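Structure assessment
Listed here are the chains, written in short residue letters.
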Amino acid sequence: MQDFSLNGSVAVVDFSLDGSVAVVTGSARGIGKAIAFTLARAGAKVALVDMNKEAVEASAKEIEEACGVECVPFVADLSSEEQIEPLFSSILEKFSQIDILVNNAGITRDNLLIRMKDSDWQKVIDVNLKSVFLCTRAVFKSMMKQRHGKIINIASIVGLMGNAGQANYCASKAGVIGFSKAVAREGAARSINVNVIAPGFIATDMTENLPESAKQSMLAQTPLGRMGKAQDVANAVLFFASPAADFLTGQVLCVDGGLAM
Ligand code: NAI
């Protein structure tokens, strides 16, 4: 329980996830790892899914030791249709239920449209959009049966605004937003909340290798004047995953220092 005390009037907001089970994709590093850490700190058991075996095993161990809740690594390539059913069967076998799914795994393959290869278009759509469809479909039946669930999809502000050199990435992230709104309508009657977080410019390995000029340009467009931290995104995920957000569905929350307003 978080205690927000304002001028003597006390509002108690429930951010506890005790007893819940969360699945976080792409959680070996970066934003996904911060999300897994934050949900575990709030009391959720976490299934960390990533294609990077060594890193996801290390992250699960680190988080379990720090938070004292069960954190189990699962290795899968989420763009591969054949790997999804076995993955979610193993997670359900281990934890018996899934209350929270965070679709976070994502990649970039940037190029200007006229130079973009078919393979770079397809790879980005497969990892960033098709995997969200596959993972969401895999948990939806059990969430419908248990009559509750929180699905949080990580898109990007460029899915709303566009960005030169990222036609594939922007299309995938805009697709995640449309997909989430459709599924929010399908799940609402069974208390399944589906929301989207659209991060702005966040300091991770993904953005580290951007040219200095691109970084400066993004910073100049960010009213709060700094890059976001993975933890800034994780805080918003905790909000959507918690009982504090029970009346929110189909929403897109920009965690971007004001960039997209
Ligand atoms: P990252 O590159 O640091 O981490 C991504 C993780 O996903 C890695 O651990 C990687 O192994 C895993 N992954 C990639 N493809 C996979 C696959 N096919 N199967 C399983 N795991 C896979 O990226 P970062 O920065 O942490 O981004 C996380 C999410 O946030 C992505 O969806 C990204 O598009 C989104 N985002 C990031 C922003 C940023 O500025 N860093 C801005 C807006 C959105």
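To be clear, the structure that these remarks concern was listed above.
Notes on the structure in this doc start here. Just so it is clear, the structure is predicted and the values come from calculations on it, not from any experiment. (Residues numbered from 1 in each chain as written. Predicted model: local features only at pLDDT ≥ 70, side-chain atom pairs only at ≥ 80, totals over all residues. Heavy atoms only, no water.)

Moving on: the environment of Asp-232. Assignment of secondary structure puts Asp-232 in helix H9 (residues 230-241). For Asp-232 and Ile-35, which are 197 residues apart along the polypeptide, the C-alpha to C-alpha distance reads 9.6 Å. Discounting chain neighbours no more than four positions away, the residues touching Asp-232 are Arg-226 and Val-255. (Helix = DSSP H or I, 4+ residues; strand = E, 2+ residues; numbered from the N terminus. Contact = heavy atoms within 4.5 Å.)

All right, on to helix H4 (residues 118-146) then. Spanning 29 residues, H4 covers 41 Å between terminal C-alpha atoms, matching the ideal 42 Å at 1.5 Å per step. Along H4, the sharpest kink reaches roughly 40°, centred on Asp-126. Once H4 finishes, Arg-147 follows within two positions and takes phi at roughly 60°, a positive value. (Expected span 1.5 Å × (residues − 1). Bend = angle between axes of the 7 residues up to and from the residue.)

Here we take up the pattern of salt bridges. Enumeration according to the criterion identifies eight salt bridges in this entry. Salt-bridge contacts for Glu-81 lead to Lys-130; the nearest nitrogen and oxygen are separated by 3.8 Å. Remark: Lys-130 occurs in helix H4 and Glu-81 occurs in helix H3 (residues 81-95); sequence separation between them is 49 residues. (Salt bridge = Lys/Arg side-chain N within 4 Å of Asp/Glu carboxyl O.)

With that out of the way, let us pick up the environment of Thr-25. Along the chain, the position of Thr-25 falls in strand S3 (residues 21-25). Assessed through its relative accessible area of 3%, Thr-25 is described here as buried. C-alpha of Thr-25 to C-alpha of Phe-239: the two residues are 214 residues apart in sequence and 18 Å apart in space. When near neighbours in sequence (up to four residues on either side) are disregarded, Thr-25 contacts Val-49, Leu-78, Val-102, Asn-103, Asn-104, Ala-105 and Cys-135. Here Ala-105 takes part through its backbone nitrogen, which lies 3.0 Å from a polar atom of the side chain of Thr-25. (Buried < 20%, exposed > 50% of the residue type's maximum accessible area, 1.4 Å probe, protein only. Polar contact = N/O pair within 3.5 Å; in protein donor to acceptor, adjacent residues only side chain to side chain.)

Attention shifts here to H9. An α-helix turns once per 3.6 residues; consequently, residues spaced three or four apart project the same way. In a regular helix each residue adds 1.5 Å, so twelve residues correspond to 16 Å; H9 covers 16 Å between its end C-alpha atoms and thus fits that length. Burial in H9 covers these residues: Ala-230, Val-233, Ala-234, Ala-236, Val-237, Leu-238, Phe-240 and Ala-241. Structurally, H9 contributes buried residues whose contacts are with helix H1 (30-41), strand S6 (100-103), strand S7 (149-154), strand S8 (192-199) and strand S9 (252-255).

As far as function goes, none of this settles anything; it's purely spatial.
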